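# Notes for the structure review
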Amino acid sequence: MSAETNAATGVAAGAGLGFDPIARAREQWVEQGWDAAADGMAAITSLMRAHQIVLARVEATLRPLGVTFARYEVLMLLWFSKRGSLPMKVIGSRLQVHPTSVTNAVDRLEDAGLVTRSTHPEDRRAMLVALTPAGRELAERATKALNAEVFERPDLGSRDVRSLVDVLTRLRGRAGDF
């Protein structure tokens, strides 16, 4: 990705510094006598910065399609479901987000005509969210764009990608994520 592209997506926040600010922060941790925490601080801070960089790329790819990554995740969860619909509670559970976040995303998707919401036929207390044909079409276009612009080009070699997934899977597992 070019520096110009990075600046346009908000990724180049530290461009032109001439040094790695996280490496410098690690050195300062050591200088303060916090040696035992220095590597962990650098790892966590790097992970958080990487999240910002990747999310900016994803959002820049989805912005022209009028959808955020959170809403894209809901569309894809419905797209992959057997019936193209799921209860709101299941969406929150599978995406591991708060029910309020699901409601907000579904509200926006419904306003855009990408999903419908109805009372669950077997449980009147539950709401069922269903993908519309327009939602299915947008999910497919967004996936095509993300695959081409982000997922197929993660700015890492294939060995690094596999290694990163392995490391993050261990971190998530130890945190009780699954």
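The structure under discussion appears in the preceding block.
We now examine the overall build of the protein chain. Secondary structure assignment for the protein chain yields 8 helices and 3 strands. Going from the N terminus to the C terminus, the protein chain shows its helices and strands as α-α-α-α-β-α-α-β-β-α-α. In summary, the protein chain has a C-alpha radius of gyration of 20 Å against a globular reference of 16 Å for 178 residues, an excess of more than 25%. In terms of principal-axis extent, the alpha carbons of the protein chain reach across some 65 × 35 × 30 Å. Counting every position in the protein chain, which comprises 178 residues, the buried fraction comes to 28%. A fraction of 49% describes how many contacts in the protein chain between residues 6 or more apart in sequence connect residues 24 or more apart.

Following the criterion strictly, the structure yields 10 salt bridges and no others. A salt bridge links Glu137 to Arg141; the nearest nitrogen and oxygen atoms lie 3.0 Å apart. Of the two residues, Glu137 and Arg141 are both situated in helix α7 (residues 133-151); the distance of 4 residues between them amounts to about one turn of the helix. Judged by its relative accessible area of 36%, Glu137 falls in the partly exposed class. Three or more residues joined by partner-sharing salt bridges are found here, namely Arg24, Glu27 and Glu31.

All buried positions along α7 are accounted for by Gly135, Leu138, Ala139, Ala142, Thr143, Leu146 and Val150. Against α3 (35-62), α4 (69-80) and β3 (127-131) lie the buried residues of α7.

Here the focus is the pairing of β3. For a regular strand, side chains alternate in direction, first toward one face of the sheet and then toward the other. Here 3 bridges tie strand β1 (residues 85-87) to β3, and the two strands are oriented antiparallel to one another. The residue of β3 that forms the bridge with Ser85 is Ala130. Bridging between strand β2 (residues 115-119) and β3 involves 5 bridges; their strand directions are antiparallel. Bridge pairing in β3 links Arg117 to Val129.

Mapped onto the elements of the fold, Ser101 is located in helix α6 (residues 99-111). Residues Ser101 and Leu65, 36 residues apart in the sequence, show an inter-C-alpha distance of 20 Å.

Let's shift gears to the nonpolar core. Ranked by size, the top nonpolar core spans 27 residues in total, and within it Leu62, Val74, Leu75, Leu78, Ile91 and Val115 carry the most contacts. Looking at this core, the elements that each hand over two or more residues are α3, α4, α5 (88-95), α6, β3 and α7. Those residues in contact with Leu75 that lie beyond four places of it in its chain are Val67, Leu109, Leu114, Val115, Leu131, Gly135, Leu138 and Ala139.

One can find Arg117 in strand β2. In contact with Arg117, not counting residues within four places along its chain, are Met88, Thr103, Val106, Asp107, Glu110, Met127 and Leu128. At a separation of 2.5 Å, a polar atom in the side chain of Arg117 contacts the side chain of Asp107.

This part covers a nonpolar patch on the surface. Where nonpolar side chains cluster on the molecular surface, the patch consists of Ile44, Leu47, Met48 and Leu171 and spans about 370 Å² of accessible area. In terms of residues, the nonpolar patch owes the most to one element, α3, which gives 3 residues. Checked against the element boundaries, Met48 lands in helix α3. Here Met48 falls in the exposed class, since its relative accessible area comes to 55%.

What counts as what
Residues numbered from 1 in each chain as written. Predicted model: local features only at pLDDT ≥ 70, side-chain atom pairs only at ≥ 80, totals over all residues. Heavy atoms only, no water. Helix = DSSP H or I, 4+ residues; strand = E, 2+ residues; numbered from the N terminus. Rg over C-alpha atoms; globule rule 2.2 N^0.38 Å. Buried < 20%, exposed > 50% of the residue type's maximum accessible area, 1.4 Å probe, protein only. Contact = heavy atoms within 4.5 Å. Salt bridge = Lys/Arg side-chain N within 4 Å of Asp/Glu carboxyl O. Pairing = 2+ DSSP bridges. Core = buried A, V, L, I, M, F, W, Y, C linked by side-chain atoms within 4.5 Å. Polar contact = N/O pair within 3.5 Å; in protein donor to acceptor, adjacent residues only side chain to side chain. Patch = residues over 30% accessible without salt bridge, like charges linked within 9 Å, V, L, I, M, F, W, Y side chains within 5 Å. Areas by Shrake-Rupley, 256 points an atom, 1.4 Å probe, with all protein chains shown as cover.

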